[in-house]
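A closer look at the structure
Spelled out from the first residue to the last, the chains are:
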Amino acid sequence: MDGDADIDRVLNAPTSEAWIDPWAAHLRSLGVEFVFDAQVREVLYEGGRVTGVQVSARDGSRERTVSADHYVSALPVEHARRTWGAALRAADPQLARCDALRTDWMTGVQFYLRTPTPVVHGHINCLDSPWSVTGIGQAQFRDVRNFPEDYGDGSARDCLSAIVSEWDKPGILYGKKARECTREEIVEECWAQLKDALDDYGGATLTDADRLGWFMDPAVTGLGGPDPQNREPLLIHPTGTLYHRPSARTAVPNFFLAGDYVRTDVDLATMEGANESARRAVNALLDADGSGAERCRIWELYRPPEMEPLKRVDEVRYRLGLPNTFDVG
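A brief structural summary. Residue numbering note: each chain is counted from 1, following its sequence as written. Owing to the predicted nature of the model, reporting of local features is limited to residues with pLDDT of at least 70; listing and counting of side-chain atom pairs is limited to 80 or more, with chain, interface and lining totals taken over all residues. Just so you know, side-chain values use all the structure's heavy atoms and leave hydrogens and water out.

**Regarding the sheet that holds strand β2 (residues 49-56)**
Formally: Strand pairing is assigned whenever DSSP detects at least two bridges linking the two strands. Secondary structure is summarised from DSSP: a helix means a run of H or I of at least four residues, a strand means a run of E of at least two, and numbering begins at the N terminus for each. Think of each axis as a best-fit line through the C-alpha atoms, taken over the contacting stretch in the case of a helix, with angles from 0 to 180 degrees between the N-to-C directions.
With respect to topology, three strands assemble into an open sheet ordered β1-β2-β3, the strand pairing being antiparallel. Only two strands of the sheet have a single partner each, and these edge strands are β1 (39-46) and β3 (64-66). Direction aside, the axes of adjacent strands within the sheet are offset by 35° on average. Note that β2 and β3 share three bridges and pair antiparallel. Across the sheet, Gln54 pairs through a bridge with Thr65, a residue of β3.

Here it is in structure tokens:
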């Protein structure tokens with residue numbers, strides 16, 4: 001990463017518009033075929049190699065096997081590890097270790113506002129929020145688009161995109177854990193915690209009258225019922241996690257891994273980490289194929305040299321059984 005770069009970059013348009021759609025169009029121009037409404041059932045392994053991928057429609061019908069020379073698994077870890085059978089896991093023990101990797105909920109709510117609300121030119125972290133709410137005002141970064149003209153019916157002039165990261169602590173509005181709330185209760189609780197955090201400095205930064213509507217991630221289902229589910233949880237990093245994370249290159253010569261759970265220099269569940277893992281997977285594939293094509297560039301994570309003395313002090317204190325210098329309480 002560039003040490004002189006802006007440390008809080010965001011896209012200047014919706015993800016699909018600025019990134020996914022142009023990239024998909026580019027890949028299609030190169031002959032890539034996208035197959036939708038399909039589910040990977042198992043990565044088939046025999047004779048030291050992956051021999052195909054068993055896929056079906058989401059309801060389990062129309063099952064078939066897709067064959068290729070090389071295979072890159074770019075599924076999230078909670079989905080990818082379900083597709084690795086016993087034989088494939090035995091061929092590379094690092095695949096089995098992925099069962100120890102943990103995920104947790106981190107789900108978004110978007111609030112559409114009548115007036116621009118640029119709280120801060122970057123990300124918002126509500127430090128005293130029991131649900132660990134964070135957010136970002138989007139319109140200020142859409143410098144290439146006119147927000148009210150290009151999105152919706154023209155009445156919304158901003159979108160405050162919020163994230164709920166703590167689902168197991170009581171909120172301030174209903175006194176319930178996020179997992180126990182209905183979808184509507186989560187929205188109102190998230191809004192209340194945002195207002196509580198942002199209005200500490202006098203004056204109402206957010207008002208109910210300014211809120212036009214909301215949208216919540218549809219990957220979360222069953223809210224308010226006995227068994228809420230999230231199809232898109234996020235990888236988390238408890239102590240010892242790094243040992244269980246696999247490399248992009250596996251012991252199976254035609255099978256490669258990409259995703260935020262793959263071990264990288266970035267070492268964090270981020271888009272940057274996923275991007276690096278994909279580059280490493282491509283390079284490993286090109287090596288395995290004996291290709292003369294140019295390899296993907298790999299950037300090392302920028303680490304401020306000013307922090308190194310503090311890290312060394314912390315390491316010494318840890319080995320002596322002492323707390324971190326900045327620990328309080």
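**Here we look at the nonpolar core**
Put simply, the test is: In these notes, a set of buried Ala, Val, Leu, Ile, Met, Phe, Trp, Tyr and Cys residues joined through side-chain atoms within 4.5 Å is what counts as a nonpolar core. In this scheme, a residue with accessible area under 20% of its type's maximum is buried, one over 50% is exposed, and one in between is partly exposed, where area comes from a 1.4 Å probe on protein chains only. Any two residues whose heavy atoms approach within 4.5 Å are treated as being in contact.
Judged by nonpolar contacts, the single largest core of 25 residues is most densely connected at Phe111, Val133, Trp167 and Leu194. For this core, the secondary structure elements donating two or more residues are β6 (107-113), β9 (158-164) and α6 (183-198). Val133 has contacts with Asn125, Cys126, Ala162, Ile163, Val164, Cys190, Gln193 and Leu194, leaving out every residue within four places of it along the chain. Judged by nonpolar contacts, the second largest core, of 24 residues, contains Tyr71, Ala80, Leu95 and Ala281.

**Looking at the side chain of Arg81**
Quick reminder of the rule: None of His or the chain ends enter the tally, which takes Lys and Arg as positive and Asp and Glu as negative. Here, a salt bridge means any Lys or Arg side-chain nitrogen found within 4 Å of an Asp or Glu carboxyl oxygen.
Structurally, the position occupied by Arg81 is in the loop between α2 (77-80) and α3 (86-91). It is Asp99 that comes nearest to the buried, bridge-free Arg81 among opposite-charge side chains, at 4.6 Å. Setting aside anything within four residues of it in sequence, one finds Arg81 in contact with Arg89, Cys98, Asp99 and Leu101.

**Considerations on the packing of aromatic side chains**
Rules: Put simply, two rings from Phe, Tyr or Trp (the six-membered ring, in Trp's case) pair if the centres are within 6.5 Å, and we call them stacked under 30 degrees between planes, edge-to-face over 60, tilted for the rest. Whether a charge sits over a ring depends on NZ of Lys or CZ of Arg being within 6 Å of the ring centre and within 35 degrees of the ring normal.
By the definition in use, this model includes four aromatic pairs. Note on Phe147 and Tyr151: the rings are 5.3 Å apart at their centroids and 55° apart in plane angle, and the pair reads as tilted. You'll find Phe147 and Tyr151 in the same group, each marked buried. Here Arg211 stacks its cationic end above the ring of Trp191, 5.2 Å away from the centre of that ring.

**Brief notes about unusual backbone geometry**
Non-glycine residue Ser132 carries a positive phi angle of around 50°. With respect to the secondary-structure elements, Ser132 resides in the loop between β7 (124-125) and β8 (134-137). Despite not being glycine, Asp267 has its phi angle at roughly 60°, a positive value. Turning to its location among the elements, Asp267 is positioned in the loop between β14 (255-257) and α8 (271-289). Take Asp267: its relative accessible area is 34%, and that puts it in the partly exposed class.

**So, the pairing of β1**
Inspection of the sheet shows β1 paired to β2 by seven bridges, in the antiparallel sense. Among the inter-strand pairings, Val40 is bridged to a residue of β2, identified as Val55. Hairpin connection between β1 and β2: a loop of two residues separates the two successive antiparallel strands, and Gly47 in this loop has a positive phi of roughly 65°.

**Concerning a nonpolar patch on the surface**
The cut-off we apply is this: By definition, no residue in a patch forms a salt bridge, and every one has over 30% relative accessible area; like charges are joined within 9 Å, nonpolar side chains (Val, Leu, Ile, Met, Phe, Trp, Tyr) within 5 Å. Areas reported as accessible are Shrake-Rupley estimates using a 1.4 Å probe. Residue values count occlusion only from the protein chains shown.
Taken together, the side chains of Trp19, Ile20, Trp23 and Met271 make up a nonpolar region of the molecular surface, amounting to roughly 450 Å² of accessible area. No other element matches helix α1 (residues 15-29), which puts three residues into the nonpolar patch. Relative to the elements of secondary structure, Trp23 occurs in helix α1.

**A closer look at the pattern of salt bridges**
The final tally for this structure, using the stated rule, is 15 salt bridges. For Asp37, the salt bridge goes to Arg58, with nearest N and O atoms at 3.9 Å. Residue Asp37 is located in the loop between α1 and β1, and its partner Arg58 is located in the loop between β2 and β3; the two are separated by 21 residues in the primary sequence. On the accessibility criterion, Arg58 (63% relative accessible area) is exposed. Note that Asp37 is salt-bridged to Arg62, the shortest N-O span being 3.6 Å. Of the two residues, Asp37 sits in the loop between α1 and β1 while Arg62 sits in the loop between β2 and β3, which places them 25 residues apart along the sequence. Looking at Asp37, the relative accessible area reads 43%, which means it is partly exposed. Connected through salt bridges with shared partners, the residues Asp37, Arg58 and Arg62 form a single ionic network.

**Observations regarding the sheet that holds β9**
Within the open sheet, the five strands sit side by side as β7-β8-β9-β6-β10. Their pairing is antiparallel. The open sheet terminates on both sides in strands that have one partner only, identified here as β7 and β10 (211-216).

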